[in-house]
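Here's the letter readout for the chains.
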Amino acid sequence: MKKLQNPLRLLLLGAAPAALMLPSYAAAQTAADTRTTQDTDAAQRSEPNVAEAPEYTDGEEIVVVGTAGGGTRRQDAAFAVTTLSSEAIARAAPNSTADLLRTVPGVMAESSGGQNGANIFVRGYPSGGDAQFVTFQLAGVPIFPPPTLSFLENSQLIRLDETVQRIEAVRGGTGSLFSNGQPGLTVNVVPRTGGSEFHGLGKISYTDFGEIRGDAWISGPLNEDTGFMIGGYYAQGNGVRDPQYRAEKGGQVTANVHHDFGNRGSVEIYARYLNDHGQWLLPIPIVQNGNEISEYPGFDAGTGALAGRETRVTTNLVGRTVDLADGRGADVFNTGINFDYEVADGFRLRERLSYLGGNADTVGLVPAEAPVAASDMAVTLGGAGSTVASLGYVNGSGALAATTPVMRAGVWEVRKKISSFVADTGFEWSAGPNKLTGGFYYANYTSRDSWSLGNQMLLTGEPNARLLNMTLNGGRTATLGGFTSGPGFIVDGRYDGSDYAFYAVDEFQITPELRVDGGVRWQRHTVNGTIRTPGGTVDLDGNASTLYDNSVSVFGGPRRIDYSDSAWSWTAGVNYDVTRQIGVFARYSRGNSFPQFDNLRDASDADIANDTGLAITAEVETYEGGLKISTPLVNLYATLFHNKFDGLATTQLVNNVPLSQIGGAKATGVELEGAIRPFPGFSLSGAATWLDSTYEDFFTGGGTIDNTGNRVQRQPRWAWRVTPAYEVDLGSVKPSVFATLQYTGDRFSDVENNQLLPHFYQLDAGVSVDVAERVKLQVTGNNLTNEVGLTEGNPRIIGSQGSGPILARPILGRSFRFSAGFSF
């Protein structure tokens, strides 16, 4: 392989300049520097093995962070950023896209829900779930502009595969000014591109739980200035939690064509098709005794699944047939264009366009309560004085005793047909030490929703549960084909949202060591829609003795939503280089989070008209400062932050009724990450977060319970991870070993701090062997100690679940993945 001519090339292997955009701009290069970056980038796309680019924890000095202008050394960035190379991603062996974010300080990613439907929390920002303050980008453009809708968060719409060159994650900083104005976390997925030589990779992997997966990509020249890349993956299996059917199945294909206009700029056209779904993993029975967690008898905490053959395909009380194998996932097509051109000396024009369309559905078996004796369930279903007259299997013979452990779970079905179009037009004008950046952002996005929640069934309290029928005293029938109820919360919605934003940024290099910047953004957010939600209930057969269908939800009349609001965001920052290896920065930013479709669905007409209640626009203020040290021996990035959040509006479904809470929060925290390399081949990298985040004027219980001072739910005070790695160079053979020990501190699953999630440790490790720079063999193990670590309690109740059997969602149990790849 050719020797690298300068450090910047380490991070520009195969990456197109137009694909390096993140919503952050401080420390952008001068126009001359940008041209140099493009020349270097074009040359490096011809390097033989892009996977050899080292990750920052292995000693690279420079990273490329997308800015409004171009790339910058991480050492110069006046914001908190983490980058992960393709090699770092492979070593992390994430179970899902969201699972990779465990490596980012300040971020709490819960991927125990499976490939899709992660809960991701950032820097103490208060949220009940999903990923309200996280935006995923592909090649610098939001994949879907709303960060979260109910049952849809951004990581559901993209998968990690071998076509990914690296991941860039910016926390806070300047995110509220660019792109979709995300004040929390912006994750940019940077794809590989082609160069002047043909290169590629083929890899097959297999797990001890039966998943098989194939990955491949190839890139090369179309002519002297034009290259292509195409690749993807396909996988199938039952998953770590085996439901006795093929629950995980699908793949993704990504392709792009990149053309360089000499030193003037470039254009890239890309397309991606994702069709993948997996089991939506939900809380299971667990036993809690104070801070002690143990398995529910007969239910393996790491591998047990409530769903099974009997519950896979069911027809509910209103005649709707649902297959749980549909799971949660996406069938979407995404295409876009990135254009970057120097129109005149010192003046550049950039255009980024993206379109996405398809379906993002969620189907799952949602438990209602932990197992109880059938005699207790009879009282729940029939009221005081009710007893079990008969209990038996829906599919099978034999009577069961009234002491049999049973539970209820609902077949929830959420269908979403979505689309989005994003256009981000920007310019950059450089004159001496000053750089001015401005632009216009437009996004339009739609969602066609069809929901049916509830549909509860009576099940045995065991893995791969069986359907039960129950009759009560007095000749009352509690079930029909196992169903104890019909749809409880239904939605028929059509939403259309648009965002218009102008932004402007000015950056001034006062001295070679001192740089200041400031910028503003104005955004207008509009939503129009027509929705139908429950308008009452009916008794389907008019027979009060058939309890299962006495309260089935029906639609009310249609309701129109017309909403609009606008807000300003701004930031100011300063960066000072003590030396080229040591720097400090400070920044203030103010951002906004506008109400999305689901907030407005549950808001009253008065709140929408007055921008109050669930229609309120949340405001986030952030103060942050950091220290950056980058030497051949050690890298250290330390960030201190404080944020204040006003106007939090959330909705929680309790007994099929949406309950809203509105309030605020504040957080102070420290993020640390870095690496030390004491001798060749060995590195010790790590990351840690300390967080003090509490609610302010945040009420539950219909406004009667003040949660001020309570810790923000689902986010621990302490979280850290440490990763030692050692590689031996034996000539054509290079074996390496690596491991990660991760600690997650105590948390609370609910805002009232009554559902404790005790602290836990997780140990992952792996071994890889590179042969002749062409063949790579690797085995990774996840959760090697089979730790029972809880990431969620019962999100469908507020307050304590008590002791003994409860509902909670543990991390996945021990698993191993074996892979073999060949590159050229």
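What comes next concerns the included structure. Throughout, residues of each chain are indexed from 1 in the direction in which the sequence is written. Per-residue local features are limited, in this predicted model, to residues with pLDDT of at least 70; the limit for side-chain atom pairs, both in listing and counting, is 80 or more; totals at the level of whole chains, interfaces and linings are taken over all residues. To get the side-chain values, take all heavy atoms of the structure and skip hydrogens and water.

## Overview of the overall build of the chain
Worth spelling out the cut-off: Put simply, DSSP marks the helices as runs of H or I at least four residues long and the strands as runs of E at least two long, and each gets a number from the N terminus on. We compute the radius of gyration over the C-alpha atoms and compare it with the globule rule, which gives 2.2 Å times the number of residues raised to the power 0.38. For every residue, the accessible area (1.4 Å probe, protein chains only) is compared with the maximum for its type, and the residue is labelled buried under 20%, exposed over 50%, or partly exposed between those bounds.
A count of helical and extended segments in the chain gives 6 helices and 49 strands. For a compact globule of 824 residues, the expected C-alpha radius of gyration is about 28 Å, and the chain comes in at 27 Å, within 12% of that figure. With respect to the three principal axes, the spread of C-alpha positions in the chain is 90 × 65 × 45 Å. Every one of the 824 residues in the chain was classed for burial, and the buried ones make up 60%.

## Here's the deal with empty space enclosed by the protein
Empty space among the atoms can be located by rolling a probe the size of a water molecule over them. Note the cut-off: Buried and open spaces are told apart on a 1 Å grid over the protein atoms alone, a cavity being a set of points where a 1.4 Å probe fits but cannot get out and a pocket being an open set with protein on both sides within 12 Å along at least five of seven lines. Residues with an atom within 4 Å of a point are the lining residues. Grid points are joined across faces, edges and corners, and a volume is the space filled by probe spheres set on the points.
Under the defined criterion, the tally for this structure stands at 16 cavities of 30 Å³ or more. The computed volume of the second largest cavity comes to approximately 440 Å³. Residue lining of the second largest cavity: 34 residues in total, with Arg102, Met108, Ala109, Gln742 and Thr744 positioned closest to the centre. Elements supplying a minimum of two residues to the lining of the second largest cavity: β2 (107–110), β38 (682–696), β41 (718–727), β42 (733–744) and β45 (760–771).

## A look at a nonpolar patch on the surface
Counted only if it meets this: For patch building, the residue pool is restricted to those with more than 30% relative accessible area and no salt bridge; the joining distance is 9 Å between like charges and 5 Å between nonpolar side chains (Val, Leu, Ile, Met, Phe, Trp, Tyr). All accessible-area figures derive from a Shrake-Rupley calculation using a 1.4 Å probe, and residue coverage is judged against the displayed protein chains alone. Salt bridge, as used here: a side-chain nitrogen of Lys or Arg that lies within 4 Å of a carboxyl oxygen of Asp or Glu.
Taken together, Phe198, Ile218, Ile230, Val253, Tyr273, Phe333, Tyr355, Phe421, Phe822 and Phe824 make up a surface patch of nonpolar side chains, about 900 Å² in accessible area. Relative to the helices and strands, tyrosine 273 resides in strand β14 (residues 265–278). When its relative accessible area of 35% is taken as the criterion, tyrosine 273 is described as partly exposed.

## As for the pairing of strand β46 (residues 775–782)
Here is the rule: Whether two strands pair depends on DSSP finding at least two bridges between them.
Bridge count for β45 against β46 is 7 bridges, and the pairing is antiparallel. If you follow valine 769 over to β46, its bridge partner there is leucine 777. As judged from the 8 bridges shared by β46 and strand β49 (residues 815–823), these two strands associate in the antiparallel manner. Within the sheet, the bridge partner assigned to valine 779 lies in β49 and is phenylalanine 818.

## Observations concerning the nonpolar core
Here is a general trend for soluble globular proteins: nonpolar side chains tend to be buried in one another's company. Let me state the cut-off plainly: Take the buried residues of types Ala, Val, Leu, Ile, Met, Phe, Trp, Tyr and Cys, join any two whose side-chain atoms come within 4.5 Å, and each joined set is a nonpolar core. Contacts are assigned to residue pairs that have any heavy atoms within 4.5 Å of one another.
In terms of nonpolar packing, the biggest core is built from 68 residues, with Leu101, Ile120, Phe136, Leu157 and Ile167 touching the most fellow members. The dominant element in this core, judged by the number of residues it contributes, is strand β25 (residues 434–454), at 5 residues. Not counting the four nearest positions on each side in its chain, isoleucine 120 is found in contact with Ala98, Leu101, Val107, Met108, Ala109, Asp130, Ala131, Val134, Phe136 and Glu153. Ranked by size, the runner-up nonpolar core spans 31 residues in total, among them Tyr245, Ala307, Leu790 and Ile806.

## Quick word on the pattern of salt bridges
On inspection of all chains with the given rule, the structure shows 46 salt bridges. Linking glutamate 87 and lysine 776 is a salt bridge whose minimum nitrogen-to-oxygen distance equals 2.7 Å. Here lysine 776 lies in strand β46 and glutamate 87 lies in helix α2 (residues 86–92), a separation of 689 residues in the sequence. With a relative accessible area of 21%, lysine 776 lands in the partly exposed category. Linking arginine 348 and glutamate 342 is a salt bridge whose minimum nitrogen-to-oxygen distance equals 3.9 Å. The exposure class of arginine 348 is buried, given its relative accessible area of 0%.

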